[in-house]
Amino acid sequence: WYGSKTWRSPLRRRFMLTVALLAVGTATFWVMPGLAALAAVLLVSGLVLAPMLITGFTIIEQQATAGRLTEGMAWLTSAIAVGTALGSAVAGQVIDSGGARWGYGLAALCGAAALVTCVTGLAQLIVPGPSSDSGSSSGPASGPAPSQG
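Reading the values: the criteria
- Residues numbered from 1 in each chain as written.
- Predicted model: local features only at pLDDT ≥ 70, side-chain atom pairs only at ≥ 80, totals over all residues.
- Heavy atoms only, no water.
- Helix = DSSP H or I, 4+ residues; strand = E, 2+ residues; numbered from the N terminus.
- Expected span 1.5 Å × (residues − 1).
- Axes fitted to C-alpha atoms, helices over the stretch in contact; angles between N-to-C directions.
- Left-handed = near helix turned anticlockwise from the far one by under 90°.
- Contact = heavy atoms within 4.5 Å.
- Nonpolar A, V, L, I, M, F, W, Y, C, P; charged D, E, K, R; others polar.
- Parallel < 35°, antiparallel > 145°, perpendicular 65-115°, else oblique.

A. Inspection of helix α4 (residues 69-98) at higher detail. The first and last C-alpha atoms of α4 sit 42 Å apart over 30 residues, in line with the 44 Å expected at 1.5 Å per residue. Positive phi shows up at Gly99, right after α4, with a value of about 100°.

As structure tokens, this is what we get:
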């Protein structure tokens, strides 16, 4: 549903909002009084994942030139996989040594780091034309790709 809808708000704003909502939701895990409350917060927070991924991939689609689109998508997919693997390994160590609440604290810290990265990173992107920021998948943005440095 989310990916097929034409949105009025700019793509970057929607991406920032979804990252912020996920960070806020994750930050509340450690204060949940029991499993039922935690499950409810996990469910609501998890509903933001698909829109966040859709907007993230759409930003890559807009930023990459036609010849580099597959590479851009591969970098994002690889970053997600590596981040998930490293985060799971670190969270396991944190939970083993400090308990579940410390693991939730690590999740909150990672959510905050994602939000800070999002805020600083979005400003570094090239600005696509007005028709490209609607969120529709009309193709990659024209113009140079972001610097590789």
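B. Representation of the packing of α4 against helix α5 (residues 100-122) in the model. Between α4 and α5, whose axes approach to 7 Å, the crossing angle comes to 145°. The two elements α4 and α5 meet at a crossing, and its hand is right-handed. On the side of α4, the interface is formed by Val90, Ala91, Val94, Ile95 and Gly98, while α5 contributes Ala100, Trp102, Gly103 and Leu106. Considering only residue class, the contact of α4 with α5 consists of seven nonpolar, two polar and no charged.

C. Representation of the packing of helix α1 (residues 11-27) against α5 in the model. Running from N to C, α1 and α5 cross one another at 165°; their axes reach a closest spacing of 8 Å. When the interaxial angle is binned, α1 and α5 end up roughly antiparallel. For the crossing formed where α1 meets α5, the hand is left-handed. In contact with Arg12, Phe15, Met16, Val19, Ala20, Ala23, Thr26 and Ala27 of α1, α5 contributes Tyr104, Ala107, Ala108, Gly111, Ala112, Ala114, Leu115, Cys118, Val119 and Leu122. The residue makeup of the contact of α1 with α5, split by class, is 15 nonpolar, two polar and one charged.

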